[in-house]
Structures are given as C-alpha cells and as structure tokens.
Amino acid sequence: MKETMLKSAVCGMALLALPLTASAQEAELVINGEIEVTTEAPAADHMDYIRTVRSGWTFRTGETQALQMDDFDNPGMLYVEQAMSVWNTAEGEAGESCASCHGAPEDMADVRPTLPKWNEEAGEVWTAEMYINDCRENRMQAEAWDWNSQPMRNMTALLSSVSRGMPIDVQIDGPARETWELGKEIYYTRYGQLELSCANCHEDNYDNLIRADHLSQGQSNGFPTYRLKNANIVSLHNRFRGCIRDTRGEPFALGSPEFIALELYVASRGLGLDVEGPAVRN
Amino acid sequence: MKRTVAIAAGLAIGAGAAFAEEVAPGDVVFGEYGSVEQSLTGVPGDPVAGEALMVNRGKGNCISCHEVTALMEHPFHGEVGPILDGAADRWTEADLRGMIVNAKMTFPGTIMPAFYKVDGFIRPGDAFTSRPAPADLPPLLTAQEIEDVVAYLMTLSDG
C-alpha cells in the first residue's frame, strides 16, 4: 500500500516533497522470520561526522526491502545455492573441496564479519577473495578465480549469507591501522572531473536524491549485493569502481591495494550494523 | 589552440562584446567573492539552449542536484543543492557566471562541480568510460554553453 503511494509519487511531480523513507525507516529487517538484522545503530567512535549508521536497506523502497526478507524472494540466494554445490565439490590436483577442510559453510559464520582483516603470514590486509584464492591455489591446487568472476562472487555471497545477523567486527587498530588510514584518505579524496569524494555523496548527502537515486550511507554490510539493475550479484570493489566512474574519474582496479584499503575503511564505518549479504539493492 | 585562446582572452579584457573571442578556462578573472564580470564569449547567451543544458545528463545535468519548478516536466530533480527558483533575484549575472565556471570560488568546498575548468583534478577520467582523461580534457561546458546557462538562470525571477 505504501509502495503504490510511492510509485504514484515517482510518476507525479510531488516526488521531492515526499519523505521517501518514511515507511522504510520504521520497518525492521527480519529474514525468513528468524534472522534479526540490525540496520540502524549508533556510529563507532572513530566516526566524526555521523551519529547514526544505517544500512543501505533502510534507504530502499518497501518493495525492494521485502525481497530481502525471505530467501525464496531474494534472487541473490540463487547464487548462494550455486556456491553451495561448488563448496562440496573436489577440484584441483589435491582432490580437496572447501568442505573437506572447513566442514559446513555455517561453520565459517565467524569469518565474514571480521573481513577484511590483517593476515599475519602475508603481512597485509586480506579480503574474502584473497582467502578464497589462497585456499584454491595452495590447498586445493586449483586455479585462482578472477576477482569479479561469477564463482568468486557466488562464494563470497555464500560466506556472507551464513553470517547474516552477526555484527560487523573489523579490526582497525594494530597492524591493520596503516591500511585503514589509507582507506580513510581515499574516502575523503575528491576524484574525477566532478571532484567528488565518497563523503560528498554518502556522508554529506545521504537521504538526499541525486537525480533519481536516493543516496544511502554507502555501507558495505550487504555485500555482495544482488542488484536489480544488473540482475546479478555485484562485488564491493565493482561498486567502488562504479562510484568513482560516476565522478568522471579513473577508478582503481578491482583487488588493488587502494580498494582493499577502502574496503577496510568502509567496513569500519559500518561497525554497529549486522552482515546482511547478499542484500537486495536497485 | 590553447595559445590562441589565451592571447585572445588577454585582448578581450575590458574590450567587451567587440571581440567575440573566448576566455580560456585558465584565464577567467574572478572577483573577490567568486563572480565573473566579463562574458566568456562576448556573445549573449541563449536561454532556450541554456534550459536544454540544465537538464541534459551529459552536459550541465544541473537538475541532478537542484530542483527548478519551471523545469518540472523533466523528471527526477535532486535535492543536493538549493532550489534555483528566484536565482536571478538573489544573484547578479556576474555572480551566476562565476558559480557555473567554478562554484568553489563562491562557496569554498562545495560539492557543486566546476563547469569551466580543465586541470587540477585527481584521477580525472574520459567522461564516464573509466578510462584516464585525454591530455586535452575539455571543460564540462564550453564557454558559450556557460553563457547560455547563465542566460537561462537570469530568467528565474519571482519578481
């Protein structure tokens, strides 16, 4: 009902005057009637300009929100299912599957909330993609997946899905600090011919419309997200790439040190929120 | 081509519309509060062309951030910047020209892009292709397009 109201508002001229999220902000995200997800929380201490953090879910229309509330309706879960069968399939010279070392995907529930994180042995911050490829190459003796390949996105979606409802838990002190600082610097840098930083859109203007887009806080807790526009799940670095492209800028590469640092920093801006990937976004 | 433009700009200062020569992006003279007195071309702006630029995504795309009541037949006005209704009552033509050329001279640190600027960017791209910008990156709007947008803004009067 609220949805139809919104729709007619979009068609009419009254668009700007209407509080687009009035219904959204009051709603609560409970998935499958059992997984409660925190979508709004007091911001972490390191956040200087935002007092309340909000998941991208709170900025979407009721219709899009509803798709995420039931796994049968969430198209992202189809990719999770694909990853499930890969999880259990032996591949590579070593004859191992993910399952032979890790058991059930649910046994990995503690992982996604902490990512990206400092990898002591490698001496750098690692994302889910890097851990996955390390297992594939060194433990399974299988080929690495490209950062943005379908199987990679599917597998990160599986890892995320088992952690839904668990609080984001990234470490920003200790050895990861330097990477975090770099990510912060990138977040506030004004890129491209339009000279726009992440903060210009997602800190100074969240909740405002920019053309037809209702700006969110640009949180990463829903990644990989299923995007209706793409009819597929998209990786976080691909989203970063699109946002910098939209500044008439030259984005960094997927998997680049810059985007890994940005991933850590953006994750830390979501401290207080829960993991909800694969989320549904437009 | 940059050289000739620069020379022409030098000549045109103070000469008014007599010299129909362009002021290059690097040669625009700003007043203390960011206004630009001199026309960039000496050719009067066309408000009808300006209106088209205001709503064109690949050009001014002004309504992505601003609401303008007179442009309501075009869908999706943003709310990042102030409503532009009555802009001509609040600002002079020189103020408005300065704001479109480089709004950061009027509003330091503003999110509003500079439409007549070609350098000083960080990782500029070739439009929305994700590729690096060419060495001779054109400004977002040409000198005459700036004049057209200013002419359109001058029609936004409540009085």
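Per chain, the residues get numbers from 1 upward, laid out in the order the sequence is written. Here every chain gets a letter starting at A, and every ligand a number starting at 1, in the order they are written. Thresholds applied to this predicted model are a pLDDT of at least 70 for local features of residues and 80 or more for the giving and counting of side-chain atom pairs; totals over whole chains, interfaces and linings are not thresholded and use all residues. Side-chain measures here rest on the full set of heavy atoms in the structure, leaving out hydrogens and waters.

### Quick notes on the packing of helix H8 (residues 177-187) of chain A against helix H11 (residues 257-269) of chain A
Residue and element names in this part refer to chain A.
Alright, step 1. Axes here mean lines fitted to C-alpha atoms, for a helix over just the part in contact, with angles spanning 0 to 180 degrees between N-to-C directions. What counts as a helix is a DSSP run of H or I of at least four residues, what counts as a strand is a run of E of at least two, and both are numbered from the N terminus. Following both chains from N to C, one finds H8 and H11 inclined at 90°, their axes separated by 7 Å at the closest point. In terms of orientation, H8 and H11 fall into the roughly perpendicular class. For the pair H8 and H11, contact is made by Thr179, Trp180, Leu182, Gly183, Lys184, Ile186 and Tyr187 and by Pro257, Glu258, Ala261, Leu262, Leu264, Tyr265, Val266, Ser268 and Arg269, respectively.
Alright, step 2. Three classes are used, and their members are as follows: Ala, Val, Leu, Ile, Met, Phe, Trp, Tyr, Cys and Pro are nonpolar, Asp, Glu, Lys and Arg are charged, and the others, Gly among them, are polar. Along the lines of polarity and charge, the residues of the contact of H8 with H11 split into 10 nonpolar, three polar and three charged. An angle below 35 degrees is treated as roughly parallel, one above 145 as roughly antiparallel, one from 65 to 115 as roughly perpendicular, and anything else as oblique. Any pair of residues with heavy atoms lying within 4.5 Å of one another is described as a contacting pair.

### Some words on the environment of Gly60 of chain B
All names here are of chain B.
Alright, step 1. With respect to the helices and strands, the residue Gly60 is situated in the loop between helix H2 (47-55) and helix H3 (87-90).
Alright, step 2. Take Gly60: its relative accessible area is 4%, and that puts it in the buried class.
Alright, step 3. Along the sequence, Gly60 and Ile100 sit 40 residues apart, while their C-alpha atoms lie 9.3 Å from each other.
Alright, step 4. Apart from the residues within four sequence positions on either side, Gly60 is in contact with Leu53, Met54, Phe115 and Leu141. Each residue gets one of three labels from its accessible area relative to the maximum for its type: buried under 20%, exposed over 50%, partly exposed in between, using a 1.4 Å probe on protein chains only.

### Thoughts on the state of the cysteines
Residues and elements named next belong to chain A.
Alright, step 1. In this description, a disulfide is simply a cysteine sulfur pair whose atoms lie within 2.5 Å. Across all of its chains, the model carries zero disulfides over all chains by this definition.
Alright, step 2. Cysteine Cys135 remains unbridged, with the sulfur of Cys101 as its closest cysteine sulfur at 6.9 Å.
Alright, step 3. We classify Cys135 as buried; its relative accessible area is 18%.

### A short note on the packing of helix H4 (residues 76-87) of chain A against helix H7 (residues 150-161) of chain A
Geometrically, a packed helix pair is captured by the angle between its two axes and the distance between the axes.
Residue and element names in this part refer to chain A.
Alright, step 1. Interhelical geometry of H4 versus H7 gives an angle of 100° and a closest axis separation of 8 Å. In terms of axis orientation, H4 runs roughly perpendicular to H7. Between H4, through Met77, Tyr79, Val80, Gln82, Ala83, Met84, Val86 and Trp87, and H7, the contact on the second element is made entirely by Gln150, Asn154, Met155, Ala157, Leu158 and Ser161.
Alright, step 2. Grouping the amino acids of the contact of H4 with H7 by side-chain chemistry returns 10 nonpolar, four polar and no charged.

### Quick word on the sheet that holds strand S11 (residues 280-281) of chain A
The strands making up a sheet are joined through hydrogen bonds of the backbone, oriented either antiparallel or parallel.
Residues and elements named next belong to chain A.
Alright, step 1. Taking strand neighbours across the sheet as the criterion, the three strands line up as S10-S9-S11 in an open arrangement whose pairing is mixed. Edge positions in the open sheet fall to strand S10 (232-234) and S11, since each of these has one partner strand only.
Alright, step 2. Should DSSP find at least two bridges between two strands, the strands are taken to pair. Inspection of the sheet shows strand S9 (residues 225-227) paired to S11 by two bridges, in the parallel sense. Opposite Tyr226, over in S11, you have Val280 as the bridge partner.

### Quick look at the nonpolar core
Alright, step 1. Leu40, Met54, Val68, Ile100, Ile146 and Leu153 of chain B are the most contacted members of the largest nonpolar core, which totals 37 residues.
Alright, step 2. Elements with a contribution of two residues or more to this core: H2, helix H4 (93-102) and helix H5 (143-153) of chain B.
Alright, step 3. Here this core gets six residues from one element, more than from any other, and that element is H5 of chain B.
Alright, step 4. Residue contacts for Ile100 of chain B: discarding those within four places in its chain leaves Met112, Ala114, Phe115, Tyr116, Leu141, Ile146, Val149, Val150 and Leu153 of chain B.
Alright, step 5. By nonpolar core we mean a set of buried residues, namely Ala, Val, Leu, Ile, Met, Phe, Trp, Tyr and Cys, connected to one another through side-chain atoms within 4.5 Å. Ranked by size, the runner-up nonpolar core spans 36 residues in total, among them Ala41, Ile50, Val53 and Ile260 of chain A.

Worth remembering: the numbers are spatial, not functional.
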